[in-house]
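This is what each chain is made of:
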Amino acid sequence: MTMKRTISGMIGTGSLAHNRRDFIAENVDPDRVQLNICYRNENLKEVYKELFDEAVERYNIGKRKDRQITNYYEKIRQGKQEKLFHEVIFQIGNREDMAVGTTEGDLAVKVLDEYVKNFQQRNPTLHVFSCYLHQDEATPHLHIDFVPFTTGSKRGLDTRVSLKQALATQGFKGGSRGDTEWSQWVQSEKEQLAAVMERYGIEWE
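The following paragraphs examine the structure supplied in this document. (Residues numbered from 1 in each chain as written. Predicted model: local features only at pLDDT ≥ 70, side-chain atom pairs only at ≥ 80, totals over all residues. Heavy atoms only, no water.)

## Quick word on the overall build of the protein chain
Formally: Runs of H or I in DSSP of at least four residues are treated as helices and runs of E of at least two as strands, each being numbered from the N terminus. Note on areas: Shrake-Rupley, 1.4 Å probe, and residue coverage restricted to the protein chains presented here. Charge counting follows a simple rule: Lys and Arg are positive, Asp and Glu are negative, and His as well as the terminal groups are ignored. Where a charge sits is defined by one atom per residue type, namely NZ (Lys), CZ (Arg), CG (Asp) or CD (Glu).
Scanning the protein chain from N- to C-terminus turns up seven helices and eight strands. If you line up the protein chain on its principal axes, its C-alpha atoms span 65 × 40 × 25 Å. Entry remark: accessible area of the protein chain is about 11400 Å², with carbon and sulfur atoms responsible for 48%. Across the protein chain, 29 positive and 31 negative side-chain charges occur, with their mean positions spaced 10 Å apart.

Right, dumping it as structure tokens:
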């Protein structure tokens, strides 16, 4: 009898302090916080410098002072075009069939752990700066926070933040409204997760 489980891939709110457990929310079991796994916890402003500072310098050459970009992080934060970063949450099953602390829940942790280890490699244009596996809520789940970027742009900064372009580079070309780059990409990641599940004898429902 193979185990069948659903996969959910959701857009997260990206509460970095919550993911790090800087504060303990009501749905968190404080006795289990130490079981959380931190894969990455980089400072977002530092990541912006690392990814975009050189492009900003190139962009500013020969531009009037008032046309120059002084702080790209702030420019994006205050702009309407792009978000500073995006978060995706992956979970196998639910609190009924994959609860934390149960054998099934522990299996979910193993699968998610294996799945996330190749995430960055698979998604080179999504710079992961914060990544946590939580085992202190109802069901084990992953929070993956990343800055999507594109290189080689002809207009504006040659390296800049762009979810659409970052996903397009990885082969996800948006179609209709219900079939966006994001939804295609999430579907593809669910398939990656399902492949890992299969190795552990779990079928994607």
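## A look at the pattern of salt bridges
Under the convention used in this document: Every case where a carboxyl oxygen of Asp or Glu lies within 4 Å of a side-chain nitrogen of Lys or Arg is listed as a salt bridge.
This model, assessed by the stated rule, comprises 13 salt bridges. Ionic pairing is found between aspartate 158 and arginine 58, a salt bridge with its closest N-O pair at 2.8 Å. With aspartate 158 in the loop between strand S6 (141-150) and strand S7 (160-161) and arginine 58 in helix H2 (residues 44-60), this pair connects stretches of sequence that are 100 residues apart. A salt bridge links aspartate 113 to lysine 117, with the nearest nitrogen and oxygen atoms 2.8 Å apart. Taken together, the residues aspartate 113 and lysine 117, both in helix H4 (residues 103-117) and four residues apart, mark about one turn of the helix. One connected set of salt bridges, linked through shared partners, spans Arg21, Asp136 and Glu137.

## Concerning the side chain of aspartate 145
Put simply, the rule is: Throughout this description, buried means an accessible area under 20% of the type-specific maximum (1.4 Å probe, protein chains only), exposed means over 50%, and partly exposed covers the range between. Contacts were defined at the residue level, with two residues in contact if any of their heavy atoms lie within 4.5 Å.
In this structure, aspartate 145 sits in strand S6. Buried within the structure, aspartate 145 lacks any salt-bridge partner; its nearest side chain of opposite charge belongs to lysine 83, at an N-O separation of 8.5 Å. If near-sequence neighbours (up to four positions away) are discounted, aspartate 145 is found in contact with Gly14, Leu16, Asn19, Phe85, His86, Glu87, His127, Val128, Phe129 and Ser130.

## A word on the environment of glycine 152
Relative to the elements of secondary structure, glycine 152 occurs in the loop between S6 and S7. Taking the C-alpha atoms as reference points, glycine 152 and alanine 55, 97 residues apart in sequence, are found 10.0 Å from one another.

## Things to note about unusual backbone geometry
Phi at arginine 21 is positive, roughly 65 degrees, even though this residue is not glycine. The topology assignment puts arginine 21 in the loop between helix H1 (16-20) and strand S3 (37-41). Judged by relative accessible area, which is 10%, arginine 21 ranks as buried.

## Observations regarding the pairing of strand S4 (residues 86-92)
Threshold: Two strands pair if DSSP finds at least two bridges between them.
Counting buried residues in S4 gives seven out of seven residues, a clear majority hidden from the surface. Going residue by residue along S4, you find His86, Val88, Phe90 and Ile92 tucked away on one face and Glu87, Ile89 and Gln91 tucked away on the opposite face as well. As paired strands, strand S2 (residues 7-11) and S4 are joined by five bridges and run antiparallel to one another. In the strand pairing of S4, serine 8 is matched with glutamine 91.

## Section: the environment of leucine 126
Along the polypeptide, leucine 126 turns up in strand S5 (residues 126-134). Residue leucine 126 is classed as buried on the basis of its relative accessible area of 0%. Those residues in contact with leucine 126, other than ones at most four positions away along the chain, are Gln120, Phe146, Val147, Pro148, Phe149, Ala166, Leu167, Gln170 and Trp185.

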